[in-house]
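Residue-level structural notes
These are the residues of each chain, in order.
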Amino acid sequence: MDLPKDLLVEILSRLPVKPLTRFRSVCKSWRALVDDPAFISNHLNNHQTTARLLVSHRDVLTNNRLVSSFTTDNLDTLLHHHVPSFLNEKFGHIRLIGPCNGLICLYGFPDNVALWNPATRDSKTLPVSRIPRPVDARVLGGDLGFGFDYRTNDYKAVQILFCSSSRIGVSYQVEIYNLSTNSWRKFGATVPANIMYMNIWSMLFRSEVFCWWAKDGETEIILSFDMGDETFQKTPLPSDAGVLGGVRRTMRAIVPIDESVGLVVYPLKQTQKLFDVWVLRGFGAEGVWTKLSIVGPLSGVERPLGFWKNGEMILESSCGQLVLYDPRDQKMRNLGLQGKRDRLEVLLYKESLVSLANSGNYQFEMLN
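Residues numbered from 1 in each chain as written. Predicted model: local features only at pLDDT ≥ 70, side-chain atom pairs only at ≥ 80, totals over all residues. Heavy atoms only, no water.

Focus: the overall build of the chain
Summing up its helical and strand segments, the chain has five helices and 25 strands in all. Compactness check: the chain gives a C-alpha radius of gyration of 21 Å against a globular reference of 21 Å for 368 residues, within 12% of the reference. C-alpha extents for the chain along the principal axes are approximately 75 × 55 × 45 Å. Here the chain, with 368 residues, has 51% of them falling under the buried criterion. The contacts in the chain between residues at least 6 apart in sequence include a share of 49% that link residues at least 24 apart. Accessible surface for the chain amounts to roughly 17,200 Å². Of this, 50% is attributable to carbon and sulfur atoms. Charge separation in the chain, taken as the distance between the mean sites of 41 positive and 37 negative side-chain charges, equals 5 Å. (Helix = DSSP H or I, 4+ residues; strand = E, 2+ residues; numbered from the N terminus. Rg over C-alpha atoms; globule rule 2.2 N^0.38 Å. Buried < 20%, exposed > 50% of the residue type's maximum accessible area, 1.4 Å probe, protein only. Contact = heavy atoms within 4.5 Å. Areas by Shrake-Rupley, 256 points an atom, 1.4 Å probe, with all protein chains shown as cover. Lys, Arg positive; Asp, Glu negative; His and termini not counted. Charge placed at Lys NZ, Arg CZ, Asp CG, Glu CD.)

Some points on the side chain of Glu 302
Note that Glu 302 resides in strand E21 (residues 301-307). The residues touching Glu 302, leaving out its near neighbours within four places in the chain, are Tyr 266, Leu 268, Lys 273, Glu 316, Ser 317, Ser 318, Arg 341 and Asp 342.

Things to note about the pairing of strand E19 (residues 273-281)
The sheet contact formed by strand E18 (residues 260-267) and E19 spans five bridges and is antiparallel. Residue pairing across strands places Leu 263 opposite Trp 278, the latter belonging to E19. In textbook terms, the turn of a hairpin is the stretch between consecutive antiparallel strands, and for E18 and E19 this stretch comprises five residues. Pairing of E19 with strand E20 (residues 288-298) involves eight bridges; the strand directions are antiparallel. Among the inter-strand pairings, Arg 281 is bridged to a residue of E20, identified as Val 288. Taken together, E19 and the strand that follows it, E20, pair antiparallel across an intervening segment of six residues, in which Gly 282 is found at a positive phi of about 85 degrees. (Pairing = 2+ DSSP bridges.)

Things to note about the sheet that holds strand E1 (residues 52-58)
In space, the four strands of this open sheet follow the order E3-E2-E1-E25, with antiparallel pairing throughout. Edge positions in the sheet fall to strand E3 (78-80) and strand E25 (345-349), since each has one partner strand and no second. Between one strand axis and the next, the sheet turns through 25 degrees on average, direction left out of account. Bridge count between E1 and strand E2 (residues 65-70): six bridges; the pairing is antiparallel. Across the sheet, residue Leu 53 finds its bridge partner in E2, namely Phe 70. (Axes fitted to C-alpha atoms, helices over the stretch in contact; angles between N-to-C directions.)

What follows is the structure in structure tokens.
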């Protein structure tokens, strides 16, 4: 007996992505339903998907880029993903940027950008920007922001290129990609600060605001870019976050903490490390920092990578292993994943059915 469509939609919208992708082959009507942008939006907005810990790492023997995820809350089951073939063929060292509505942005080096949905294995290499660069300029490097514009229901990538020429010296050029048009355009405004390409220096906040650790003159700031109105804002770091560098080699990491922008301050070279943890509420003149905790002292760890549930800190050990520290019982746990030192990256990722072919047809709810 056929189920009423409303009841079928209600049942299917509560299921994880993997069985839904299998159900697409049951019949044409089910395939049409699961592929419907309205159903995909409803599934992402309403389905209480358990967050997964997505880990990018380098194989110690082959040096190939690997992406794995822990599929349970207690991080005891590891799944290795089939990464797009171009990941190791074309890209050098890549960064995982996002996630945004289940999509990950892969950034290798300037003009090498791709989008990837790990749950559906859908991927897309972005076209190379044809925008003219400054005359006689060399592109020395770059960085990328990625997010979603709720006003136009469109995904955007913001490429910030570091250009150098004898005529104009050193300058930034900003180019914005729109998935809906599959094209790049030049961004007219200037970048009002210098991005700090150190450690973990950027993150996506609530899908629409991308943040970088940067310097405005001698002042360290969070430089944020709103994907909707395409404007930059500057928020100074806490005044008592300590001086960068110095005898203790004080370092920063910008990471998400419970839907907020998080800042971790720690001594890079000390054997026993203390981690000062801050969160930011608001940006610009409305930005307020709150110090959450001091974690440690911890030994045998190199750097923080992010946070799991209940305040557990994810770290890279001194020998390149992924470890989890629980401040409640002060216990450290090896998660059984070994990579090359300083090549581990983690993201908290929620699966989705979002297709790269129908980006402008979704209606997602904006987080408050």
